[in-house]
Each structure stands twice: as C-alpha cells, then as structure tokens.
Amino acid sequence: MAETLERALRDRSAEGAAACALVGSALNDDDGEFVEHWCVQVGTRAAPGSPLPGLAGLCLGHLARRFGRLGGEALALAQSLAARAEADPSDVDGRALDGHDDVRSFLRLR
C-alpha cells in the first residue's frame, strides 16, 4: 500500500490505484495506526483538486468507526479537510465532510 500511495503522490495517473488501496486498508487492515499515518500523508501531501485528500478524510472516519480513536494530527486533519471541502469543493471533495461527521459521531466530539 505504501508504495502505491507514494507513487500517486508523485504521479496523478496512479490516483485510482491509490484510492482503492487506501479505502481497502481503512475498511480491512487491522493496523489502524499504519493506515492513519497514510491517511495523514495523503491528506496533507496530495495536490489540491486531487480526489485523494477528500478520500483520506473519509478514511479517517472509517478508522474512527472501526477503532474508536484517532491521534491528534489525524483529528486536526479531518477537521481541516472538512473545512476546505465546505469552502471549496474543487479543492477537497465532499467525502471529507462525511468523514468528519463520522469522526465526530464515533469519537463523540462536538
């Protein structure tokens, strides 16, 4: 997964494979910290307008649901991506909003 995501961060033509890898890991991988790390990497490093930041936000929501926790950096990123999606959906797509809703719900945040 890491190689696929790194490639997508350098070459947007690899974003489809990266999206599948990230979602599959968020839904199925038992190493939540590893997946959280990659969600943060993708969410902070992907190009504006790429579908990957919104997807990273959504995947953080999946991790919150599955594991009941997220680290501080991941929490801040989920909030930041949601704010960016709300302000400009061409920058970060609306899946970040869904992910942030899940984070708030499953971690009981306001």
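Computed from a predicted structure; not experimentally measured.

Parameters at a glance
- Residues numbered from 1 in each chain as written.
- Predicted model: local features only at pLDDT ≥ 70, side-chain atom pairs only at ≥ 80, totals over all residues.
- Heavy atoms only, no water.
- Helix = DSSP H or I, 4+ residues; strand = E, 2+ residues; numbered from the N terminus.
- Rg over C-alpha atoms; globule rule 2.2 N^0.38 Å.
- Buried < 20%, exposed > 50% of the residue type's maximum accessible area, 1.4 Å probe, protein only.
- Areas by Shrake-Rupley, 256 points an atom, 1.4 Å probe, with all protein chains shown as cover.
- Lys, Arg positive; Asp, Glu negative; His and termini not counted.
- Charge placed at Lys NZ, Arg CZ, Asp CG, Glu CD.
- Expected span 1.5 Å × (residues − 1).
- Arc of directions from axis to C-beta.
- Contact = heavy atoms within 4.5 Å.

*Asks:* How would you summarise the overall build of the chain if you had to cite specific residues and measurements?
*Replies:* A tally of regular secondary structure across the chain gives 6 helices and 0 strands. The helix and strand sequence of the chain, counted from the amino end, reads α-α-α-α-α-α. What you see for the chain is a C-alpha radius of gyration of 12 Å, in line with the 13 Å of a compact globule of 110 residues. Counting only C-alpha atoms and orienting by the principal axes, one finds that the chain spans roughly 35 × 35 × 20 Å. Of all 110 residues assigned to the chain, the portion counted as buried reaches 45%. Total accessible area on the chain is roughly 5600 Å²; 48% of this is exposed by carbon and sulfur atoms. The average position of the 12 basic charges and that of the 17 acidic charges among the side chains of the chain differ by 3 Å.

*Asks:* Before we move on, could you go through helix 6 (residues 95-106) and cite the residues and values that matter?
*Replies:* In a regular helix each residue adds 1.5 Å, so 12 residues correspond to 16 Å; helix 6 covers 16 Å between its end C-alpha atoms and thus fits that length. What helix 6 keeps buried is the set A96, G99, H100 and V103. Taken end-on, helix 6 shows its buried residues confined to a sector of 100°, consistent with a single buried face. Against helix 4 (52-67) and helix 5 (72-87) lie the buried residues of helix 6. Just beyond helix 6, the residue with positive phi is R108, at close to 55°.

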